[in-house]
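Observations on the model geometry
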Amino acid sequence: MVFKKKKEIQVDALVLDHKEVERLQSFVDAEKQNLASLLLHCVQLPDGIQQIQCIKQIVPLLKKMDVNSSCNPMVKSCLDILGIIYFSLSTKNPLKKVLASSLNGLPEPFMTEAVQSFICCLKKELETTDIYSYRKVLDSLASCMENFSLGKAGVSSLFKEVLQFLQKSLIEIQEENRKLSGNRIAQTQLMHDLLMAIKVSMMVVQKVQENIQENLKPGSFVCQSMCSLLKCFTNCLMDEEVLQTVQTTSGLAVVLFIKILFEPVEKLPSLVSDLLLRSVKCADVPEWFMDSCGILCTAEVSDSTLLFLCHGALAMLEWKNNSMGQNGEKLLLDIVLVLLSLNSRLKESSMAMSLSRILAIWTSSALDVLDSSSQSLKCTLTGSSDTTGKLLEYVYAHWEHPLDAVRHQAKLIFRNLLQIHQATVKGSVVKSDPFLSMLTENLLNLEWHVKGKYASLGCLVECVGIENILTVDRTIPVQILDVMGDQSLAPYASDLLETMFSHHKNHLTAVFQESTWIDQWHETWVSPLLLILCEGNPDQTTYVIDYYLPKLLKCNPGSLNYMIKILQASSDANVGSWNTRGALGALMACLRTARAYGHLQFADVMRDGLVSVGCIKKGLVHQHVQVRIDALGLLCETHRSTEIVSMEEMQLVHFFIIYNLNSQSPAVRHQICSLLKKLFCRIQESSQLLYKLEQNKTKQESVKELAKLDPYCTLQQYKDFISSVCDRLFEALFPGSSHSTRFSALTILGLIAEIFSVPNGQAQAVFQLAEEIDRTRVQTLIKCFASTFEEVKILAFELLRKLHKATLNLQDSGDIHHLFRASMDLSTSAKPYDCVTASYLLNFLIHRKELLNICLKDQPVVLNFLKKECISAGTVETNTLAVVRLLLAKLEGEIFQAEKSLLQAAASFPLYGRVHCITGALQQLPLTNLTLMTEWKHMVTDLILISYKLSTVVAPVVQSSSPEGLIPMDTDSEIADHLQMILHEIQPRDTNYYFTRAKILKEGCRTDLEKLVDGKPVDVSEDMRGKEQTCDVTAQMVLVCCWRSMKEVSLLLGMLCKLLPLKATSESSDGLITEEQIKDIGNYFKHHLLQSRHRGAFELAYTGFVKLTETLSRFLKFKQMSGILLCL
């Protein structure tokens, strides 16, 4: 079982004014036990949670006080302060609700004083004049009306003042909104304030009815205020510029206030009906009505206004028990006519959603009215009536609407229409009902690709019963299962099937005995399922297993035995093939699903002999890949994460691993690793349970299942099993093994290392992979770096990193030196994937202390500065600095040679490998937390300069318009002749002079970059000294060398921009890269992106440029520069 971590609740502490604190201090008694002491202690607490506990003690303390103490000045002052506290708290603060809840239990003797205190505080709140403080007052009024007796009493006493404030706030907010036209943010906030004001107005008049009835006389202040409010609501309703939620709520408020103000009540439905039909006669309505909302009668009314008026009528008028009589019935029919007429005009999505919701409300209101309606209305709303027909047409037109909400409302309307019809024909036989029969026939005649058909059929099943549906066509279940090959239809089909077989089961159990009904149910619902699982196409069987099978087993878990019996009987004859599951595959799918959903225990399978071990083994090596996955899922997936893994399960999993590591499908490999991860997690969690059981084995064990186990023996079995799995996985990493085998083995080994790790000794580990590692296995993992697939290199590197401590003593300095020399050689290989191997090798070696001495022996002059500095820094940082400096020194010499001969560079030492290794080494280092800051600053400067130099050397090739690239220069005449032949073969279209013949560079063309390292010339390797040999190299080789070099330069510069901390000026010392360097890199990317002709180099330069702009966007002073670069 997984326990979710409880979310920590944050409560803002209340803060009291200094004056009120002093007032409390003046009443504190010597023992600090009175109410003032409690409140003072409460406001002095810094934590809101603690203050909640204090507030809960107020009422119990008051109950202990003398009844006559209600007149005590201390008590009165404390009640005043409680009122101040209540109105100072925000609505979202839990303290406010806790205080209100506590004060609801206030003893009766203190109620009068408390009400007076709250009236005083509320009156002060209502005097607010700042329009942007109105929201706080409105929130307080709303809080007072929500189950808070003191608040409601205060609002009732100040009813006139509250109405006056609401009127003022509505008028001023609307006026302010007009002034701020164009300022969308401010207007949106005002719209929400306006919405709150309308809601509070409705809340007040609904909950303070007695004040209205007493003061609602023509010309009275209350009447005038309510008419003014009605006018404000009408203006909001008619205003198309306000938010739709404001319009909707205004429609509710308009009808509510008309309902309260209009007399006689009997004529109210007729008035609303005339208002909706635009047939109000001005002479027949009161003067206040024309003054307040006469615009609804005289002006042009929009469709949205009519829609929300209909909503208001449905929501605010009393429809139950047909309390409005004949006039109410007429209004009900008029509303649906208006809504249906609006349907053809309201096409905007939000309005279409509102219309569907209001139509659903209408159907619910119609059901309420029909309970005691006239026969005339029943005839009008019967299934064959025009009104029902039009509503059905609406359902058919919207049951596949793009909006989920509209589709849901269409389904609700259809269900309510069926209930309305049943209410109009009570007493008739459902089976012979012509409307329902016709509806059933029409729905069944529709194609099964119509998604709306499924929900409607589900409603029809609930209405007429499944037997009436199956009587029409017994093959309906088979037809529905056939369409489940389409994933878009599978959820709809499975929901319909669930409705049907659930109702069928209920029907059969009510009519027949257990022994007779189950066979019929299996024949109808289970047999078609088994046929599809055995012979269906892969997509169909997958969706049936995912959507249908779990619901069927949940409805009747006992059907699993029937499935096993049927499938086992035919498993030998129908074994399946590579594209069909057969009976064996169907059996594995059923067992896996049943166990995953808790309907089956593996121990029961073994104990009761439901399925043999041999049968499961056949599933684990079946031709059909999904059958193998299902068989493995049967072993790995359980309903309980701490269920003990049996010996049989472990043996079968080991058997599976032997034959299934080499799957060619990435999706299958992912599923295998995911299932094995579940198994390993289960072993880890159950092992912790076993450790506790072992420690408490002298105590009575309450869990019967565990009481029968020998914890020590089971833990040993766990360890032996995982150890044998690791043996098999390491054996699979033999030289020449396939990519898929290596990927699977390394992934599973990584899971074992991760799951069975013990962080900080928090738990006991049943297995430690480090204990299984020896010298040979370390070498095996290192050899995986030679794979041509980078994902294998990544997995091997991550595994070695997890086993870092275990590998420290398994390699001597000779091994480290050998690997280091290999990585240096690979970094200049002409095969692109070799430099990736070199990068991973170096990143692995960087964690070894011996590496520094090896680097010092290789380049003692270049790395001499590290001897003194490495003491203060960690191993990783020092080694990374040494490796990067060494690579940089070698790269500089190679660039010098490349200036003479790109042919020689492409054939003997492609430049991109060194840069790739440098980037890889830097990515492993926390560049924001370094010790050797001075050395790293010099390093970054040198890296940027050498990047520019390398880019200059390879740019002419990358920037050429020739499809194969060009080699524009060379310093040796023989090589130049050879190059001339390649140029002739390429036949470039460029007109630049140096593309027509090979250019001979002067020997003296060297720059000051050779003094990059300590101001001394760079040592060049022996194979690069003297006269270079002419190499057989194609133009493609040169192009690959150049564009990959440009790519690595772009990625290195982008990484430096993104990861290194940026300092403001070149004089400051808190960063590694200066403002000028950032600008230079930006100009470099701009120039390169504008000049590159090679798509690969362009795209990767673009990647580096994006990293640069991300860095610039984090700093305000560089945002303008980022915009300038993007505009070029």
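Residues numbered from 1 in each chain as written. Predicted model: local features only at pLDDT ≥ 70, side-chain atom pairs only at ≥ 80, totals over all residues. Heavy atoms only, no water.

**Focus: the overall build of the chain**
Note the threshold: Secondary structure follows DSSP: runs of H or I at least 4 residues long count as helices, runs of E at least 2 residues long count as strands, and numbering of each begins at the N terminus. The buried label goes to any residue with under 20% of its type's maximum accessible area, the exposed label to any with over 50%, and the partly exposed label to all in between, with areas taken from a 1.4 Å probe on protein chains only. Contacts are residue-level and defined by heavy atoms, with any inter-residue pair within 4.5 Å sufficient. Note on areas: Shrake-Rupley, 1.4 Å probe, and residue coverage restricted to the protein chains presented here.
Secondary structure summary: the chain contains 56 helices and two strands in total. Counting the 1128 residues in the chain, one finds 54% classified as buried. For the chain, the proportion of contacts with a sequence separation of at least 24, taken over those separated by at least 6, is 74%. Surface exposure of the chain reaches about 51900 Å², of which carbon and sulfur atoms provide 52%.

**Here we look at the packing of helix H1 (residues 18-25) against helix H2 (residues 35-44)**
Keep this limit in mind: For helices, the axis comes from a line fit to the C-alpha atoms of the stretch in contact; other axes are also lines fit to C-alpha atoms, and the angle between any two N-to-C directions lies between 0 and 180 degrees. Crossing handedness follows the turn of the near helix against the far one: under a right angle anticlockwise gives a left-handed crossing, and clockwise gives a right-handed one. Gly falls in the polar group here, along with every residue not listed as nonpolar (Ala, Val, Leu, Ile, Met, Phe, Trp, Tyr, Cys, Pro) or charged (Asp, Glu, Lys, Arg).
Closest axis-to-axis distance for the H1/H2 pair is 9 Å, and the angle between their directions is 145°. Seen from above, H1 lies across H2 with left-handed handedness. Across the interface between the two elements, Val 21, Leu 24 and Gln 25 of H1 pack against Ala 36, Leu 39, Leu 40 and Gln 44 of H2. Its residues placed into classes, the contact of H1 with H2 shows five nonpolar, two polar and no charged.

**A short note on the environment of Leu 769**
Within the secondary structure, Leu 769 sits in the loop between helix H40 (739-755) and helix H41 (775-783). Placed 33 residues apart in sequence, Leu 769 and Lys 802 show a C-alpha to C-alpha distance of 9.6 Å.

**Overview of helix H28 (residues 490-511)**
Where we set the bar: Take the residue count of a helix, subtract one, and multiply by 1.5 Å to get its expected span.
With 22 residues, H28 extends 31 Å from end C-alpha to end C-alpha; this agrees with the ideal 32 Å at 1.5 Å per step. Burial in H28 covers these residues: Ala 490, Ala 493, Ser 494, Leu 496, Leu 497, Thr 499, Met 500, Phe 501, His 504 and Leu 508.

**Thoughts on the pattern of salt bridges**
For clarity, the threshold we go by: Each salt bridge in this description consists of a side-chain nitrogen of Lys or Arg and a carboxyl oxygen of Asp or Glu lying within 4 Å of one another.
Scanning all chains against the criterion turns up 30 salt bridges. Asp 727 is the partner of Arg 777 in a salt bridge, and the nearest nitrogen-oxygen pair spans 2.6 Å. Placement of Arg 777 in helix H41 and of Asp 727 in helix H39 (residues 711-731) is noted, with a sequence separation of 50 residues between them. Overall, the relative accessible area of 28% leaves Asp 727 in the partly exposed class. Glu 798 serves as the salt-bridge partner of Arg 801, at 2.4 Å between the closest nitrogen and oxygen. Of the two residues, Arg 801 and Glu 798 are both situated in helix H42 (residues 790-802); the distance of three residues between them amounts to about one turn of the helix. Owing to a relative accessible area of 43%, Arg 801 belongs among the partly exposed residues under this scheme. In this structure Glu 798 comes out as partly exposed when scored by relative accessible area, which is 28%.

**Considerations on the side chain of His 421**
Summarising the element assignment, His 421 is placed in helix H23 (residues 404-424). Its relative accessible area of 3% is what places His 421 among the buried residues. Excluding its chain neighbours within four sequence positions, the residues that come into contact with His 421 are Thr 382, Gly 383, Asp 433, Phe 435 and Leu 436.

**A word on the environment of Val 272**
Residue placement: Val 272 occurs in helix H15 (residues 268-277). Relative accessible area serves as the criterion here: at 7%, Val 272 is assigned to the buried category. In the structure, Val 272 is positioned 13 residues away from Lys 259 in sequence and 9.4 Å away in space, judged by C-alpha atoms. Those residues in contact with Val 272 that lie beyond four places of it in its chain are Ala 313, Leu 317 and Leu 331.

**Structural notes on the state of the cysteines**
So the rule is basically this: Note on terminology: pairs of cysteine sulfur atoms within 2.5 Å are recorded as disulfides.
Considering all chains together, one arrives at zero disulfides under this definition. Distance from the sulfur of Cys 120, which forms no disulfide, to the nearest cysteine sulfur (Cys 121) is 6.5 Å.

**A word on the packing of helix H8 (residues 134-144) against helix H10 (residues 159-179)**
Each packed pair of helices is defined by two parameters, the angle between the axes and the distance between the axes. The following threshold applies: An angle below 35 degrees is treated as roughly parallel, one above 145 as roughly antiparallel, one from 65 to 115 as roughly perpendicular, and anything else as oblique.
Relative orientation of the contacting elements H8 and H10 amounts to 140°, with a least axis distance of 11 Å. As judged from the angle between their axes, H8 and H10 are oblique. Note on packing geometry: the crossing formed by H8 with H10 is left-handed. Contacts from Tyr 134, Val 137, Leu 138 and Leu 141 of H8 reach H10 at Val 162, Phe 165, Leu 166, Lys 168, Ser 169, Glu 172 and Ile 173. Residue composition of the contact of H8 with H10, grouped by class: eight nonpolar, one polar and two charged.

**Details of the packing of aromatic side chains**
We describe a pair of aromatic rings using the distance from one ring centre to the other and the angle between the two ring planes. Note the following rule: Each Phe, Tyr or Trp ring (for Trp, its six-membered ring) is paired with any other whose centre lies within 6.5 Å, and the angle between the two planes then decides the class: stacked below 30 degrees, edge-to-face above 60, tilted in between. For a lysine, the NZ atom is tested; for an arginine, the CZ atom; a charge sits over a ring if that atom is within 6 Å of the ring centre and within 35 degrees of the ring normal.
Tallying each qualifying case throughout the model produces 22 aromatic pairs. For the pair Tyr 86 and Phe 148, a centre-to-centre distance of 4.8 Å together with 40° between the ring planes defines the contact as tilted. Of this pair, Tyr 86 sits in helix H5 (residues 73-88) while Phe 148 sits in the loop between H8 and helix H9 (149-157); the two residues are 62 residues apart in sequence, bridging distant segments of the chain. Of the two residues examined, Tyr 86 and Phe 148, each falls in the buried class. Summarising the aromatic geometry, the rings of Phe 233 and Phe 257 are spaced 4.9 Å apart at their centres and angled 80° between planes, so their arrangement reads as edge-to-face. Within this pair, whereas Phe 233 is found in helix H13 (residues 221-238), its partner Phe 257 is found in helix H14 (residues 244-261), the two being separated by 24 residues in sequence. Residue class for Phe 233 comes out buried when judged on its relative accessible area of 0%. Within the aromatic cluster, the residues linked to one another by ring pairs are Phe 501, Trp 517, Trp 521, Trp 525 and Tyr 548. Directly above the aromatic system of Phe 655 lies the positively charged group of Lys 617, at a separation of 5.1 Å from the ring centroid. Above the ring of Tyr 912, the side-chain terminus of Arg 1044 is found at 5.9 Å from the ring centroid.

**Here we look at a nonpolar patch on the surface**
The line we're drawing: Two distance rules govern patches: like charges are joined within 9 Å, and nonpolar side chains (Val, Leu, Ile, Met, Phe, Trp, Tyr) within 5 Å, applied only to residues with over 30% relative accessible area and no salt bridge.
A cluster of nonpolar side chains, namely Val 621, Ile 658 and Tyr 659, defines an oily patch on the protein surface of about 260 Å² accessible area. With respect to the helices, strands and loops of the structure, Ile 658 is situated in helix H36 (residues 647-660).

**Quick notes on the environment of Leu 851**
By secondary structure assignment, the location of Leu 851 is in helix H46 (residues 850-858). For the pair formed by Leu 851 and Thr 880, sequence separation is 29 residues and the distance between their alpha carbons is 9.6 Å.

**Digging into the confidence of the model for the chain**
In plain terms, the rule: Confidence of the predictor at the level of single residues is captured by pLDDT, which takes values from 0 to 100.
Counting all residues, the mean pLDDT for the chain is 84, and 84% of those residues have values of 70 or more. This model gives residues 982-1031 a pLDDT under 50, and the stretch forms 95 contacts once residues within four places in sequence are excluded. Confidence over residues 1064-1068 falls short of pLDDT 50; this stretch has five contacts with residues more than four positions distant or in other chains.

**Let's talk about unusual backbone geometry**
Of the consecutive residues Glu 263 and Pro 264, the connecting peptide bond is found in the cis state with omega at -5°. Of note in this structure, Asn 321 is not a glycine but carries a positive phi near 60°. With respect to the secondary-structure elements, Asn 321 resides in the loop between helix H18 (303-316) and helix H19 (325-343). Despite not being glycine, Asn 322 shows a phi value in the positive range, around 55°.

**Topic: the side chain of Ser 169**
Checked against the element boundaries, Ser 169 lands in helix H10. Residue classification places Ser 169 among the buried positions, given a relative accessible area of 0%. Other than its neighbours up to four places away in sequence, Ser 169 contacts Tyr 134 and Ala 197.

**Some thoughts on helix H44 (residues 813-826)**
With 14 residues, H44 should cover 20 Å at 1.5 Å per step; its first-to-last C-alpha distance of 20 Å lies within 8% of that length. Against the buried residues of H44 lie H41, helix H45 (832-845), H46, helix H48 (875-900) and helix H50 (912-923).

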